[in-house]
Amino acid sequence: GESVGLHLPTLSVQEGDNSIINCAYSNSASDYFIWYKQESGKGPQFIIDIRSNMDKRQGQRVTVLLNKTVKHLSLQIAATQPGDSAVYFCAETRTGGGADGLTFGKGTHLIIQP
Amino acid sequence: NAGVTQTPKFQVLKTGQSMTLQCAQDMNHNSMYWYRQDPGMGLRLIYYSASEGTTDKGEVPNGYNVSRLNKREFSLRLESAAPSQTSVYFCASSLERNEKLFFGSGTQLSVL
């Protein structure tokens, strides 16, 4: 079946550096992508989203890049802070119907080194 | 701002017992969902309700039932709990189907 996955289960970065978390998706019909952050003991929290008619979208300290040619999604976090330590999930869906909610990747654990 | 509220936060059951997880949202969202989260498996959809009055199976519906009580509330019932249902359960809602989800804080369920 089609699924959303992540390249690395754990990413360790130095505080203040930029973090890049990657995600590969296989469903070419997906047209809406979302990044979530999940801190320990909490529910996933929306970070940023992007639709397939865009290549890049920026938020506060975060940027999402979408490469539809290779079905790749990335989340860039600028100047990583201790509070960024969490598991990050990408999710995808088809907004035109035929999809049942969001399909989530298995997550990347971002660890911030002091 | 309450958002999505789930109860209880923790529950321990014996095999064969039943229980209902409650979920309510105050964002006037049309769609509601139940996911389970297991280590290494990510979030998997159990059931969802695209709109009030409708429910549909997700990826892992076996052993569960749901009720969309009204627009605000969506409950998940385990009729006869099994150890394989030990997991963290999340309720979520979205304005419309297949839009971004807002999650509750989760219910940690252990079935012994």
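Provided above is the structure to which this section pertains.
Here the structure is a predicted model, which is why all the values come from computation and not from measurement.

Caption draft 1: Quick peek at the sheet that holds strand S3 (residues 19–25) of chain B. All names here are of chain B. Strand order across the open sheet formed by 4 strands is S1-S3-S8-S7, with antiparallel pairing between neighbours. The sheet is open, and its two edges are formed by strand S1 (4–7) and strand S7 (64–68), each paired on a single side. For this sheet, the mean angle separating the axes of adjacent strands, direction not counted, is 15°. Of the strand pairs in this sheet, S1 and S3 are connected by 4 bridges, and their pairing is antiparallel. When the bridges of S3 are listed, Thr 7 appears paired with Gln 22.

Caption draft 2: Summary view of the state of the cysteines. Residues and elements named next belong to chain B. Under the counting rule described, the total for this entry stands at 2 disulfides over all chains. Between the sulfur atoms of Cys 23 and its disulfide mate Cys 91 the distance is 1.9 Å. Judged by the sign of its S-S torsion, about -75°, the bond between Cys 23 and Cys 91 is left-handed. On the criterion of sequence distance, the pair formed by Cys 23 in strand S3 and Cys 91 in strand S9 (residues 87–94) is long-range, its members being 68 residues apart. Exposure remark for Cys 91: the relative accessible area of 0% places this residue in the buried category.

Caption draft 3: Quick look at the packing of aromatic side chains. Residues and elements named next belong to chain B. Considering all chains together, one arrives at 11 aromatic pairs over all chains under this definition. Look at Phe 90 and Phe 103: their rings are 6.3 Å apart centre to centre, the planes differ by 85°, and that puts the pair in the edge-to-face class. In this pair, Phe 90 is assigned in strand S9 and Phe 103 in strand S10 (residues 102–103), connecting sequence segments 13 residues apart. You'll find Phe 90 and Phe 103 in the same group, each marked buried.

Reading guide: rules and limits
- Residues numbered from 1 in each chain as written.
- Chains lettered and ligands numbered in written order.
- Predicted model: local features only at pLDDT ≥ 70, side-chain atom pairs only at ≥ 80, totals over all residues.
- Heavy atoms only, no water.
- Pairing = 2+ DSSP bridges.
- Helix = DSSP H or I, 4+ residues; strand = E, 2+ residues; numbered from the N terminus.
- Axes fitted to C-alpha atoms, helices over the stretch in contact; angles between N-to-C directions.
- Disulfide = S-S within 2.5 Å.
- Buried < 20%, exposed > 50% of the residue type's maximum accessible area, 1.4 Å probe, protein only.
- Phe/Tyr/Trp six-rings, centres within 6.5 Å; stacked < 30°, edge-to-face > 60°.

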